[in-house]
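Coordinate analysis (summary)
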Amino acid sequence: MKKWIPAFGVEIHAELLTKTKAFSPSEVNFDSKPNTNVSPIDMGYPGAKPTVNKKMIEYAYRLAKIFKMEIEEKIIFDRKNYFYPDLPKGFQITQYFKPIGKNGKFKIFVNDYSKDITITEIHMEEDTAKQIKTDEGTLFDFNRAGIPLIEIVSDHKELSSIEEVIEYVKQIREQLIILGINDGKMENGSFRVDVNVSIRDSEKMDYGIRTEIKNLNSFKNIERALYLEINRHIKEYSLGNIVKSTTVKFDEDKNMTIPMREKDNQYDYNFIPEGNINPIILTTNLKEEFDKNSEKDISIFEFRNTWKDKINKTNLSIITSKKIYFDIFQNLFKKINFDELVNFIVNNVKNSINNSKLKKNRINYDEILQIIKLRKEGKIDNKKANKLINDMFENNISNQLEKLGKIVMLSDTKIRNLISKLIIENKEMIDNNLETRVERIEKFLMGEVMKKTKGKASPQMISKLIREILWEE
């Protein structure tokens, strides 16, 4: 048994994909020039009163439903008071006394086992300004000030390995992306992770003091930072020292965790109710409105539970990484061979979307079924399938598909006869290269057969028959 046993708690800060900020009409646009989407409310000017973004509450409610949480029906906001340059008002509007959701569950899958992790709470709050470090000093972009956030807080003792922490973060991130709540861009700071770390002696029941690692922005950095912080704790305890309750940051260049400050006691923030926002009641009508989307959310959320044993982990991750992949799978998996559909999404659709510059993609499920059928029949290859998908994103392609469907494919016998004729006509070249450069012969014959068959034979079938005939010869 290991001498030291770690425990982790994770706080995920996810910026919401709303059109406007949490408490002001300022636009949320991550591509805008710095300090162009800012209002008097964001900057805390005297007399500027906040107004609550309804979409923020809807997203928080829907997420609480997914996690099967106890939902607070009286929405109250509070002030977290502290002074820092990235917080122009001198306080942050958040939920401290009554978070919208408490006591939920999230199932993670780690290799050959699954584990339920308790979500102790989710709450809404506004983001701070963005800091940009330069050689000349620190710059601030207040476009980010006031962007709505959901903070998802896990139980501290249920995640018991670095691998579990990474899978938990990955799988929460995937779900937020597919639900359209968050874009998952860790490198841009719209999805940020803090991890609390503590360890205990295997012969004792109580864990030691926690330290918190702030703003981890990649899965690689989560792994490196947790490994370093665990070992730092072990070293301190082994020397008989006390681990202080501190906030640390991970310096990826120096590959070390660096203490920033001793953790503030929660009461130092002087939490008080936000007097400028009246309580918001989740009425029956409002909940019914939110529930229209919640039902679909839950089906997406439970998707991986249903398919985890039928789709390998890599492909499952791809299918749940974008809503468009998920929608195609959900709409077609009962109409087509399962493996063919997964392969089509993972290879053709994914490649086409990655190479497409279109911001919106037109999807027609009947056309997708026809593309898969044409490829199976050998009437199109992967390259043509990808082109058809890109065409479908922009226009109706039913006429194209109808013409391709009318192609009468040549029989194996006719293709064999054509290959045999080409071998006789090019006997000298083939004899000279058969033992040393067979791939040159195959490539030559493939090109000639493709020219003469004019799309009436699949490349896979031509290649198969060339090899059979060559070795028969």
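Presented here is a report on the structure given in the accompanying data block.

How each quantity is defined
Residues numbered from 1 in each chain as written. Predicted model: local features only at pLDDT ≥ 70, side-chain atom pairs only at ≥ 80, totals over all residues. Heavy atoms only, no water. Helix = DSSP H or I, 4+ residues; strand = E, 2+ residues; numbered from the N terminus. Rg over C-alpha atoms; globule rule 2.2 N^0.38 Å. Buried < 20%, exposed > 50% of the residue type's maximum accessible area, 1.4 Å probe, protein only. Areas by Shrake-Rupley, 256 points an atom, 1.4 Å probe, with all protein chains shown as cover. Phe/Tyr/Trp six-rings, centres within 6.5 Å; stacked < 30°, edge-to-face > 60°. Lys NZ or Arg CZ within 6 Å of the ring centre and 35° of its normal. 1 Å grid on protein atoms, 1.4 Å probe; cavity = no way out; pocket = protein on both sides within 12 Å on 5 of 7 lines; lining within 4 Å. Points joined across faces, edges and corners; volume = space filled by probe spheres on them. Nonpolar A, V, L, I, M, F, W, Y, C, P; charged D, E, K, R; others polar. Core = buried A, V, L, I, M, F, W, Y, C linked by side-chain atoms within 4.5 Å. Contact = heavy atoms within 4.5 Å. Pairing = 2+ DSSP bridges.

Here we look at the overall build of the chain
Of regular secondary structure, the chain possesses 16 helices and 16 strands. Taken over the C-alpha trace, the chain has a radius of gyration of 29 Å; the compact-globule value for 473 residues is 23 Å, which it surpasses by more than 25%. Projected onto the principal axes, the alpha-carbon positions of the chain cover approximately 90 × 55 × 50 Å. Out of the 473 residues belonging to the chain, those deemed buried represent 45%. Per element, the accessible surface of the chain, about 25,300 Å² overall, is 49% carbon and sulfur.

A few points about the packing of aromatic side chains
Two aromatic rings are characterised by how far apart their centres lie and by the angle between their planes. Within the structure shown, the criterion is met by 12 aromatic pairs. Judged by centre distance (5.5 Å) and plane angle (50°), the rings of tyrosine 61 and phenylalanine 290 are tilted. Of this pair, tyrosine 61 sits in helix α2 (residues 54-66) while phenylalanine 290 sits in helix α5 (residues 284-301); the two residues are 229 residues apart in sequence, bridging distant segments of the chain. No difference in accessibility class separates tyrosine 61 from phenylalanine 290, as the two residues are buried. With 5.9 Å between their ring centres and 65° between their planes, tyrosine 269 and phenylalanine 271 make a pair best called edge-to-face. Here a set of aromatic residues connected by ring pairs shows up, and it is made of Tyr82, Tyr96, Phe97, Tyr269 and Phe271. Here the basic side chain of lysine 3 rests over the ring of tryptophan 4, its NZ or CZ set 5.5 Å away from the ring centre.

Overview of the layout of surface pockets
In this structure, the second largest pocket encloses a volume near 1,200 Å³. Around the second largest pocket sit 34 residues that line it, and Leu17, Phe30, Asn182, Asp183 and Lys185 are the ones nearest its centre. Within the residue set of the lining of the second largest pocket, elements represented by two or more residues are α3 (162-179) and α8 (323-332). With four residues, the top contributor of residues to the lining of the second largest pocket is α8. Grouping the amino acids of the lining of the second largest pocket by side-chain chemistry returns 10 nonpolar, nine polar and 15 charged.

Quick word on the nonpolar core
Core analysis: the biggest nonpolar cluster contains 96 residues, and Phe67, Ile122, Ile152 and Tyr168 have the highest contact counts within it. At nine residues, the largest contribution of residues to this core is made by α3. Not counting residues within four places of it along the chain, the set of residues in contact with isoleucine 152 comprises Val10, Glu11, Ile12, Leu63, Phe67, Ile119, Glu121, Ile122, Tyr168, Ile172 and Leu176. In terms of nonpolar packing, the next biggest core, distinct from the first, is built from 15 residues, Leu422, Ile430, Leu445 and Ile469 among them.

Description of the sheet that holds strand β15 (residues 272-273)
Read across the open sheet, the three strands follow the order β5-β4-β15; overall the sheet is antiparallel. The strands lining the two open edges of the sheet, one partner per strand, are β5 (91-94) and β15. Bridge count for strand β4 (residues 78-81) against β15 is two bridges, and the pairing is antiparallel. Its bridge partner being in β15, aspartate 78 is matched across the sheet by proline 273.

That's the geometry; what it means functionally is another story.
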